[in-house]
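Overview (structure and organization)
Residue-level listing of the chains:
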Amino acid sequence: MADRYLSFTGTAPGRFLSRRLGLPQPAALRRWSPQRPSLDGALLRLTAGKSGLDPDLASVLSRTGLEVAEAVPAASAGAFGVAAVVLDASGVRDVDGLGEVHAALHPVVRSVAASGRVVVLGAPLDAGDHHQAAAQQALEGFTRSLGKEIGRGRTVNLVRLTDASAAESTLRFLLSPRSAYVSGQVIHVGADAPTVPTAPTAPTVPTAPGDWDRPLAGRTALVTGGARGIGEAVAETLARDGAHVVVLDVPAAEADARRVAERLGGTALPLDITAADAGERIAAALPDGLDVLIHNAGITRDRRLVNMPAERWDSVLEVNLASVLRTTDALLASGALRRGGRIVATASIAGLAGNAGQTNYGASKAGVAGMVRALAPRALAEHGVTVNAVAPGFIETKMTAAVPLFIREAGRRMNSLAQGGLPVDVAETTAWLAHPASGAVNGQVVRVCGQSLLGA
Ligand code: NAI
């Protein structure tokens, strides 16, 4: 269902009227396309709380495709102005350092172009130094507040890192049009994952891509529920990135799964993911193993708890959580998911914030987040596999088109970007987490919600 209000406010009279009436002002978001893969304009690099520049960060930023500057370019110097600001605040240890955050960003925020990016870099909180912890935690409130006020399709995110070179895939993602609907997020990037397999015979894939345009070339990715909606967009995006995609969906959706797989040069796998032996059947269908496992299949069966029969509870918990746990366990235990592999599960902001009528769905999606956080360190240590989740907000799909108009309109506007996301926004976020260079991103639940007001 098209967002007519967004189209209307894109016209001159629509803009005028919505401004006069104090209505939301959604900006048309800049998304990735092969013709325009990067943002237009300069990348402004600033620091707070330390002097001098981290050389690893400098070299990562020099590879983003944006021209790096240390001051706002004169208006005549570039046609586009500032596309992105990266503020390295990882050295901020006290309230004075926070003053430097203000001093760095206050003069430049206005120069950031529409659909531009502000990325604040922070450090992990130091449990032994409450002044550092206070100052670093302050960056979260700062980032989220700026995200809410900045407008014009601009996003603001915080990345906590220890090693800038391990954060290259993350910074490239956040500084590109691919992250159009990701705002107000705090992402932790650890040290890079070990690249050497523990057993010399274990099959492995390199963790650094030779090619940033087709990073998944030579890899196999399985997308559950890939026949339509968000799953179809994920399958498309992973295929664009070079993966051989296996489109798994229920046997009733086999024709759609085949259509998607054929278009992408992949394979269809008709299978109900709730089958007790689904993991074994996936492994049998992929004798060479797989590298990327996307748990996207999901259902809703809404009712308030007082009216919810056990079968509605059970079916949602089965599809959205139990089958995710079961297939993950089976594919890790059998080694079908190769070292260097990636698991990306689908949570939801309903699981983080709660939603009336969705006790079953909210429980299942919160369960996904719990699984991700607990399993991630172990899966990486024992199997060399990262485990993360995406938590979509309001995404324009058939599912949300069926929501009654008033609730749909509220869902669309109640976020900092004042519009719904598109399936491709979830897909791009998934592709970043599935990236071979994202080995240092583990155990994260990243919301793709335009900084929804729900459970923020
Ligand atoms: P959709 O209903 O359009 O697609 C889901 C797909 O999963 C369908 O092709 C369906 O046949 C498949 N599926 C369902 N049960 C299955 C099973 N037992 N075995 C194999 N495949 C199965 O849903 P949509 O909107 O694309 O959502 C995808 C995921 O994103 C779901 O996990 C959903 O909960 C989640 N999500 C969606 C949001 C939205 O705004 N659309 C918001 C938050 C989360």
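Reference entry: report on the structure contained in this document. Just so it is clear, the structure is predicted and the values come from calculations on it, not from any experiment. (Residues numbered from 1 in each chain as written. Predicted model: local features only at pLDDT ≥ 70, side-chain atom pairs only at ≥ 80, totals over all residues. Heavy atoms only, no water.)

1. Some details on the sheet that holds strand E10 (residues 290-295)
Taken together, the seven strands give an open sheet; going across it, the order is E9-E8-E7-E10-E11-E12-E13, and neighbouring strands pair in parallel fashion. If you trace the sheet from one side to the other, it starts and ends with strand E9 (267-270) and strand E13 (445-448), each paired once. When the angles between neighbouring strand axes are averaged without regard to direction, this sheet yields 20°. Summarising the sheet, strand E8 (residues 244-249) and E9 pair through four bridges and their orientation is parallel. If you follow Leu248 over to E9, its bridge partner there is Leu269. Sheet strands touched by helix H7 (residues 229-240): strand E7 (220-224), E8 and E10. Its angle to E7, the strand with the most contacts, is close to 170°. Docked against the sheet, helix H10 (residues 310-333) engages E10 and strand E11 (337-346), running at close to 170° with respect to E10. (Pairing = 2+ DSSP bridges. Helix = DSSP H or I, 4+ residues; strand = E, 2+ residues; numbered from the N terminus. Axes fitted to C-alpha atoms, helices over the stretch in contact; angles between N-to-C directions. Contact = heavy atoms within 4.5 Å.)

2. Section: helix H14 (residues 405-413)
All of the buried residues along H14 are Arg408, Arg412 and Arg413. Buried residues in H14, looked at end-on, bunch into an arc of 120°, giving them a common side. Opposite the buried face of H14, by more than 90 degrees, sit the exposed residues Phe406 and Ile407. Of the surrounding elements, those touching the buried residues of H14 are helix H1 (4-9) and helix H13 (398-401). (Buried < 20%, exposed > 50% of the residue type's maximum accessible area, 1.4 Å probe, protein only. Arc of directions from axis to C-beta.)

3. A word on the packing of aromatic side chains
Under the definition given, this model contains one aromatic pair. Here Phe173 and Trp432 contribute two aromatic rings whose centre-to-centre distance is 4.8 Å and whose plane-to-plane angle is 5°, an arrangement assigned as stacked. Here Phe173, found in helix H6 (residues 168-174), pairs with Trp432, found in helix H15 (residues 423-434); they are 259 residues apart in sequence, far enough to count as distant. Here Trp432 falls in the buried class, since its relative accessible area comes to 3%. The aromatic ring of Trp212 is capped on one face by Arg172, whose charged end is 3.9 Å from the ring centroid. Here the basic side chain of Arg240 rests over the ring of Trp32, its NZ or CZ set 4.3 Å away from the ring centre. (Phe/Tyr/Trp six-rings, centres within 6.5 Å; stacked < 30°, edge-to-face > 60°. Lys NZ or Arg CZ within 6 Å of the ring centre and 35° of its normal.)

4. Describing a nonpolar patch on the surface
There is a patch of nonpolar side chains on the surface, built from Phe8, Phe16, Leu17, Leu21 and Leu23 and spanning about 480 Å² of accessible area. Relative to the helices and strands, Phe8 is located in helix H1. (Patch = residues over 30% accessible without salt bridge, like charges linked within 9 Å, V, L, I, M, F, W, Y side chains within 5 Å. Areas by Shrake-Rupley, 256 points an atom, 1.4 Å probe, with all protein chains shown as cover. Salt bridge = Lys/Arg side-chain N within 4 Å of Asp/Glu carboxyl O.)

5. As for the environment of Val60
Secondary-structure assignment places Val60 in helix H3 (residues 55-62). Beyond its immediate sequence surroundings of up to four residues, Val60 is in contact with Ala164, Ser165, Glu168 and Leu171.

The analysis is restricted to geometry; functional conclusions fall outside its scope.
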